[in-house]
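Overview (structure and organization)
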Amino acid sequence: MNTQFITDNKGNKHSVVVPIKDYKKMLEELEELKDIRLYDEVKNSKNKSIPFEQYLKERKKKQHA
């Protein structure tokens, strides 16, 4: 990854510039990590689960209500 740093007059780093390709890849990986954490949270919860298809039907009903 070819990164560039934006610094102040004293050389303190304040920002970083990364190529857009790398930035998009980082966003995708963060989204995947978020999904994994959410999955783990739901899996470890004591809440009753429902089939995904049922969830989609209920969600659709709520959107049209």
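Residues numbered from 1 in each chain as written. Predicted model: local features only at pLDDT ≥ 70, side-chain atom pairs only at ≥ 80, totals over all residues. Heavy atoms only, no water.

1. Remarks on helix H2 (residues 52-64)
Taking 1.5 Å as the rise per residue, H2 with 13 residues should run 18 Å; its terminal C-alpha atoms sit 19 Å apart, in good agreement. Within H2, only zero of the 13 residues are buried, leaving the element largely exposed. (Helix = DSSP H or I, 4+ residues; strand = E, 2+ residues; numbered from the N terminus. Expected span 1.5 Å × (residues − 1). Buried < 20%, exposed > 50% of the residue type's maximum accessible area, 1.4 Å probe, protein only.)

2. Thoughts on the confidence of the model for the protein
On average, the protein scores 91 in pLDDT, and the residues at 70 or more come to 100%. Of all secondary-structure elements in the protein, the lowest mean pLDDT belongs to H2, at 88, while strand E2 (residues 13-17) reaches the highest, 97. (pLDDT = per-residue confidence, 0-100.)

3. Regarding the environment of Leu33
Here Leu33 shows up in helix H1 (residues 20-44). When the C-alpha positions of Leu33 and Ser45 are compared, they lie 18 Å apart, and in sequence the two are 12 residues distant.

4. Some remarks on the pattern of salt bridges
Per the stated rule, a full pass over the model turns up one salt bridge. With its nearest N and O atoms 2.9 Å apart, the salt bridge here joins Glu29 to Lys25. A residue pair is termed a helical-turn pair when its members lie 3 or 4 positions apart in one helix, as Glu29 and Lys25 do in helix H1 at four residues. (Salt bridge = Lys/Arg side-chain N within 4 Å of Asp/Glu carboxyl O.)

5. Let's talk about H1
Note that an α-helix has 3.6 residues per turn; residues three or four places apart therefore point the same way. In this model H1 runs 36 Å from its N-terminal to its C-terminal C-alpha over 25 residues, within 8% of the 36 Å that 1.5 Å per residue would give. Counted residue by residue, H1 has zero buried out of 25 residues, so it is predominantly exposed.

6. Observations regarding the environment of Met1
On the secondary structure map, Met1 appears in the segment before strand E1 (4-7). Judged by relative accessible area, Met1 falls into the exposed class, the value being 64%. A sequence separation of 22 residues divides Met1 from Tyr23, and the C-alpha atoms of the two residues are 9.8 Å apart. Residues contacting Met1, with those up to four places away along its chain left out, are Val18, Pro19, Asp22 and Met26. (Contact = heavy atoms within 4.5 Å.)

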